[in-house]
Amino acid sequence: MALLEVQSIGKSFRGLRALHDVSFSIPEGAIHAMIGPNGAGKTTCFNVMAGVYKPDGGSIHFNGRPITGLRPDQICRAGIGRTFQVVKPFPGLSVLDNVVVGALNATGSVARARVEAMRVLALLHLADKAKHPAASLTLPERKRVEVARAMATGPKLLLLDEVMAGLRPTEVDEMVAVFRRVNQETGLTILLIEHVMRAVMALAQRIVVLHYGEKICEGAPADVVRDPAVLECYLGEEAL
Amino acid sequence: MMAAFPQLFAGLPRRALIALGVFFALLLVAPWLVNAYVLSILVVVLYFAYAGQAWNIMMGFAGQLSLGHSLYVGLGAYAAAMMFTKFGFNPWVGLLVAVLATTAMGAIIGFLAFRFGIGGVYFAILTIAFAEFTRIGFDHWTWLGGSGGLFLPVSNLSSNDLLNLRGAPVMFYYVMLGMCVAALAFCRVLLASRLGYYWQAIRENEEAAAALGINVFRYKMIAVMLSAAMTAFAGVFYAFYYNNLFPEQIFSMGRSIELILGPIIGGLGTLFGPIVGAFVLTPLADGLTEVLQWAGVEVPGVKQVFYGFCLLLVVVFLPNGIWPVLARRFGLAREN
């Protein structure tokens, strides 16, 4: 059985149907991507998976047990870490303390959490910023703090919401290398929402495409970028 | 326990340790150095430092604004006074009842607010509302004196002053000093613990805190209940120091404000903020009153105007409070 099993989830906000009958699954150790135009429902889908919204229908199974309707903190403890598209750092805390809070999900000891937090910060090239207040960082750095915090919780599945946005191509490649390395070394499963196709093509083994809240395509990257429906609504002809 | 002791001072620069040692030594010998009037002011200073420390757990650490902390002071005071005057128990038994009562009250307020997603200013209003209707309740509860007040007879249950919480001002001074030191050490341990990290995360961003596995409801409840429990002692102390309780005074909004000014002016969320704030505000306000009296000027409410002025100065010039500036200027800040 797959690590994450999403079965025909739906979510409406009053009259607006943000998600409709979306299903997909992610096997353990895989890296999948979710793409689609703005407003397609990608972040809503993340928020449903992470427990911020209860789905109107459908079910989500993680690691063999149902997690539909659990609270965000319960879902984190179940093993799903997530970042926010609009970053939510703890501005008054240092970068290190930001990540320590995440690491405390996996250990009760502050001393051990600090060691783990430093390890994750080094992995994301943030070690030299550890003592800085989070409020003083640039946006790309804050996005990396988000990733570090989520990774420090010790998840089995990491949900990344547009963490490459605003990065220079070399920085994108750096991040891609980090995720690939973590995936290979620890078997961490990753689902990323991303507009930066350079990262998606480099990382994802499989892509889910959302449009108007529905899944219009799913498959290997090479096939997805040739799919006429995807080209029409999102990538455009020039992507070929 | 002994192993935890050095932990309290871990990361403090040497000059901070020296400053802390000198400050503590001065407080220890203060009763021999100052006259009775100054000592009485110092007792009030320590009282506000302690109560401010308790309030700071809720607001400074966990980010939950209570504008009705006089509720816990009053409830603690009345609980211990009731046990003493009606049932003949000593103040320390009364303290247990007081802690139970305030913790339960904190739990009720916290549950109502946090269970139903009431936050920010609406939570603050809820705390005021509870303080207000408790005041009105006690105003009409004639068994405990009602609006006419409850007076504690100065009778001794045992021969030990400390056990009776009856004695010279110097005894009250040392009791409050001891409680201040205990509260400071306790808050230091809390802040460096997992609980402290969780509170600060909730203070900074609740949604992000939840996403990192923190049960926001539970940790906010702990903050409110702990703060209420600690504040109970301030109430018990008040009851046996002044020996009279009036709902109109002890539950009043003004008392709540007075209590929170110290930590705000000293530095929200810092360990020494409540202490610095109390040492700055109380003597200045009392000094001002003294000077005016000496000059023959009678100005009702001058203390409140003075508090407002101090608050204004701090908000404009030291938005983080006095302590962070002091700590940086003199190199007293902890390195982490």
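Residues numbered from 1 in each chain as written. Chains lettered and ligands numbered in written order. Predicted model: local features only at pLDDT ≥ 70, side-chain atom pairs only at ≥ 80, totals over all residues.

Q: Explain the overall build of chain B here, please?
A: Along chain B, the regular secondary structure elements total 16 helices and 2 strands. Relative to the 2.2 N^0.38 estimate, which gives 20 Å for 336 residues, the radius of gyration of chain B is 20 Å and therefore close to what a compact globule would have. Looking at chain B residue by residue over its 336 residues, the buried ones come to 46%. In chain B, once contacts between residues fewer than 6 apart in sequence are set aside, the share between residues at least 24 apart is 75%. (Helix = DSSP H or I, 4+ residues; strand = E, 2+ residues; numbered from the N terminus. Rg over C-alpha atoms; globule rule 2.2 N^0.38 Å. Buried ≥ 20, exposed ≤ 12 C-beta atoms within 10 Å, placed from the backbone. Contact = placed C-beta atoms within 7 Å.)

Q: Even after reading the chapter, I still don't get the interface of chain B and chain A, so can you show me in this structure?
A: Where interface size is quoted, it is often the accessible area lost as the parts come together. If you look at the interface, chain B gives 17 residues, while chain A gives 22 residues. Residue assignment for the side of chain B that touches chain A shows that the elements contributing at least two residues are helix 9 (194-204) and helix 10 (206-211) of chain B. Here the side of chain B that touches chain A gets 5 residues from one element, more than from any other, and that element is helix 9 of chain B. A class-by-class count of the residues in the side of chain B that touches chain A yields 9 nonpolar, 5 polar and 3 charged. (Nonpolar A, V, L, I, M, F, W, Y, C, P; charged D, E, K, R; others polar.)

Q: What's the story with the environment of Ala168 of chain B in this structure? I'm lost.
A: Residues and elements named next belong to chain B. Tracing the sequence through the fold places Ala168 in the loop between helix 7 (161-164) and helix 8 (169-192). Of the residues examined, Ala168 has 11 C-beta atoms within 10 Å and is grouped as exposed. Separated by 73 residues in sequence, Ala168 and Tyr241 have C-alpha atoms that sit 9.8 Å apart.

Q: How should I be thinking about the nonpolar core in this particular structure?
A: Side chains that are nonpolar tend, in soluble globular proteins, to be buried together. In this structure, Tyr50 and Met176 of chain B are the most contacted members of the largest nonpolar core, which totals 180 residues. Looking at this core, you find at least three residues from each of domain 1 (4-79 + 156-239) and domain 2 (89-154) of chain A. Once you skip the residues sitting within four places of it in the chain, Met176 of chain B turns out to touch Val43, Leu46, Tyr47, Tyr50 and Phe237 of chain B. (Core = buried A, V, L, I, M, F, W, Y, C linked by C-beta atoms within 7 Å. Domains from an automatic or database assignment.)

Q: Just to check I follow, could you spell out the packing of helix 3 (residues 36-61) of chain B against helix 11 (residues 216-242) of chain B for this structure?
A: Pairs of packed helices are described in terms of their axes, by the angle between the two and the distance that separates them. Residue and element names in this part refer to chain B. At a minimum axis distance of 9 Å, the contact between helix 3 and helix 11 shows a crossing angle of 170°. Classified by the interaxial angle, the pair formed by helix 3 and helix 11 is roughly antiparallel. For the pair formed by helix 3 and helix 11, the contact residues are Tyr47, Tyr50, Ala51, Ala54, Trp55, Ile57, Met58 and Phe61 on the first element and Ala223, Val224, Leu226, Ser227, Met230, Thr231, Ala234 and Phe237 on the second. Grouping the amino acids of the contact of helix 3 with helix 11 by side-chain chemistry returns 14 nonpolar, 2 polar and no charged. (Axes fitted to C-alpha atoms, helices over the stretch in contact; angles between N-to-C directions. Parallel < 35°, antiparallel > 145°, perpendicular 65-115°, else oblique.)

Q: Help me understand unusual backbone geometry in this model?
A: Across the chain, the bulk of peptide bonds are trans and the bulk of non-glycine residues have phi less than zero. All names here are of chain A. Although it is not a glycine, Ser8 adopts a positive phi angle of roughly 40°. Looking at the element boundaries, Ser8 is found in strand 1 (residues 4-13). One non-glycine residue with positive phi stands out, namely Arg14, at about 50°. Mapped onto the secondary structure, Arg14 falls in the loop between strand 1 and strand 2 (16-26).

Q: What's the story with the sheet that holds strand 1 of chain A in this structure? I'm lost.
A: Two pairing modes exist for strands in a sheet, parallel and antiparallel, and in both the strands are linked by backbone hydrogen bonds. All names here are of chain A. Overall, antiparallel pairing links the 4 strands, which are arranged 2-1-4-5 in an open sheet. If you trace the sheet from one side to the other, it starts and ends with strand 2 and strand 5 (65-66), each paired once. Across 7 bridges, the pairing between strand 1 and strand 2 is antiparallel. Its bridge partner lying in strand 2, Ser12 is registered against Arg17. In the packing of helix 1 (residues 42-49) onto the sheet, contacts are made with strand 1, strand 2 and strand 4 (57-62), and the angle to strand 2 comes to roughly 65°. (Pairing = 2+ DSSP bridges.)

Q: Looking at this structure, I do not really get the domain arrangement of chain A. What am I missing?
A: All names here are of chain A. The assigned domain composition of chain A is domain 1 (4-79 + 156-239) and domain 2 (89-154). Computed from C-alpha coordinates alone, the two centres of domain 1 and domain 2 are separated by 24 Å. Taken together, the contact between domain 1 and domain 2 spans 9 residues of the former and 11 residues of the latter. For the side of domain 1 that touches domain 2, the secondary structure elements donating two or more residues are helix 2 (72-78), strand 7 (157-161) and helix 6 (169-186).

Q: I tried to follow helix 3 (residues 95-103) of chain A on my own but got confused; where do I start?
A: Since the α-helix advances by 3.6 residues per turn, residues separated by three or four positions end up pointing in the same direction. Extensive coverage of helix 3 of chain A is indicated by the burial of 9 of its 9 residues. Along helix 3 of chain A, the residues that are buried comprise Val95, Leu96, Asp97, Asn98, Val99, Val100, Val101, Gly102 and Ala103 of chain A. For helix 3 of chain A, the secondary structure elements touched by its buried residues are helix 4 (110-123) and helix 5 (139-152) of chain A together with helix 9 of chain B.

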